[in-house]
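Architecture and fold: a report
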Amino acid sequence: MRKPSWWLTAFWLLLALLPLPAWWGQAAPRAVGLAFLLQAVLYFGVGYLGSARLGYGTALLATAVLGGGQLGLRAVWLGKTGLWWGFLLVDFAAALGGALLWRWRASHYGADFHFDLIAPWYERLIHPQDPHHLLEVLQLAPEHRVLDAGGGTGRVAQFLRPARQVVVADLSEGMLRYALEKDALQAVAALTERLPFPNDTFDRIVMVDALHHVFEQEASVRELWRVLAPGGRLVIEEPDFNLPMVKALALGEKVLLMRSHFLLPQQIAAFLPPEARVEIVTTGGMADIVATKPARA
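Report on the accompanying structure.

Calculation rules
- Residues numbered from 1 in each chain as written.
- Predicted model: local features only at pLDDT ≥ 70, side-chain atom pairs only at ≥ 80, totals over all residues.
- Heavy atoms only, no water.
- Pairing = 2+ DSSP bridges.
- Helix = DSSP H or I, 4+ residues; strand = E, 2+ residues; numbered from the N terminus.
- Axes fitted to C-alpha atoms, helices over the stretch in contact; angles between N-to-C directions.
- Contact = heavy atoms within 4.5 Å.
- Phe/Tyr/Trp six-rings, centres within 6.5 Å; stacked < 30°, edge-to-face > 60°.
- Buried < 20%, exposed > 50% of the residue type's maximum accessible area, 1.4 Å probe, protein only.
- Salt bridge = Lys/Arg side-chain N within 4 Å of Asp/Glu carboxyl O.
- Patch = residues over 30% accessible without salt bridge, like charges linked within 9 Å, V, L, I, M, F, W, Y side chains within 5 Å.
- Areas by Shrake-Rupley, 256 points an atom, 1.4 Å probe, with all protein chains shown as cover.
- Core = buried A, V, L, I, M, F, W, Y, C linked by side-chain atoms within 4.5 Å.

On to the sheet that holds strand S6 (residues 277-283). Taken in spatial order, the seven strands line up as S3-S2-S1-S4-S5-S7-S6 in an open sheet, and their pairing is mixed. Since the sheet does not close on itself, it has two edges, and those belong to strand S3 (185-189) and S6, each with one partner. Averaged over all adjacent pairs, the angle separating strand axes in this sheet is 20 degrees, with direction ignored. Bridge count for strand S2 (residues 165-170) against S3 is five bridges, and the pairing is parallel. Across the sheet, the residue bridging to Val166 is Leu185, located in S3. Running at roughly 150 degrees to strand S5 (residues 228-239), helix H10 (residues 217-227) makes contact with strand S1 (145-149), strand S4 (202-208), S5 and strand S7 (286-292) of the sheet.

Take a look at the structure:
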């Protein structure tokens, strides 16, 4: 699993240096409760990112140093420790939780728990819309077999008609349960890096707003190309990372501990083999990388 960047790890360590609860030691219970919550969030990030970047033991050692240092600061500033021992226990519990989460995700090939959690509300947050532009690019026919890679709840796949078969592949089983509720969709729990399909299976493949969540992006693109039939078309749609607003979105997802890694459209296109006929189309903040596989002679 891809390790978090040094700058993000350093950012969280700096945040954890803020002795916020020390200022609220003599405050109202509500403020003290908020201090506990902030402390838990800060040290959860220390445990998660520290374990990923520096190692499991180092993350817990950092928790001991930072938490103990704050305990000493509180004793100096306020003359007593009081509830600060409770904060120190919160520090350790939160950091341990973060470290264990990293270990779990690493052992499950980067499984993204965020999507299982938001599956029931996903389409309420991101309303399904008929993707006119995507359908124009795909040029679907009734005989086509279509794969929606990283398709989640089938938010896009439900519109991929008149294809005779539409398969949604996603790592989140929680999301796929909602895809199966939609008419005529098939669902497969699979990594895009290791698709359980033979070569040349699908006439059309789409991957919409999902590649930045994938662990091994180059391997995923090559795997999509492998299962694309000769004469078929692959469309990878991603936020255009050339835009400042997309860079801000990428930062936000990093802070939320998502495994997002955005790429420029040209970087995605470079993953495709030389024989691919590639076109990049940007519109409305999104970039479509459209690749056509040469037909057999």
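Moving on to the environment of Gly154. The topology assignment puts Gly154 in the loop between S1 and S2. Placed 27 residues apart in sequence, Gly154 and Glu181 show a C-alpha to C-alpha distance of 9.1 Å. Other than its neighbours up to four places away in sequence, Gly154 contacts Val168, Ala179, Lys182 and Leu185.

The final tally for this structure, using the stated rule, is two aromatic pairs. Their ring planes at 90 degrees and their centres at 5.0 Å tell us that Phe197 and Phe202 sit as a pair that is edge-to-face. Across the pair, Phe202 and Phe197 agree in class, each one buried. With 6.1 Å between their ring centres and 15 degrees between their planes, Phe241 and Phe262 make a pair best called stacked.

Before going further, it helps to examine the pattern of salt bridges. By the definition in use, this model includes five salt bridges. Here Arg296 and Asp200 are joined by a salt bridge, their closest N and O atoms 2.6 Å apart. A residue pair is termed long-range when its members are at least 10 positions apart, and Arg296 in the segment after S7 and Asp200 in the loop between S3 and S4 qualify at 96 residues. With a relative accessible area of 62%, Arg296 lands in the exposed category. You can call Asp200 partly exposed: its relative accessible area is 23%.

A few words now on a nonpolar patch on the surface. On the surface, a cluster of nonpolar side chains totalling about 330 Å² of accessible area is made up of Leu34, Leu37, Leu38 and Val41. Within the secondary structure, Leu37 is located in helix H3 (residues 29-53). The class for Leu37 is exposed, based on a relative accessible area of 52%.

Attention shifts here to the nonpolar core. Formed by 27 residues in total, the largest nonpolar core has its most connected members in Leu147, Ile205, Met207, Leu224, Leu234, Ile236 and Leu272. Counting residues per element, the ones that place at least two in this core are S1, S2, S4, H10, S5, helix H12 (265-270) and S7. The leading source of residues in this core is H10, at four residues. If sequence neighbours within four positions are ignored, Ile236 has contacts with Met207, Leu211, Val221, Ile268, Ala287, Asp288 and Ile289. Core analysis: the next-biggest nonpolar cluster, separate from the first, contains 17 residues, Val146, Leu160, Leu185 and Val290 among them.

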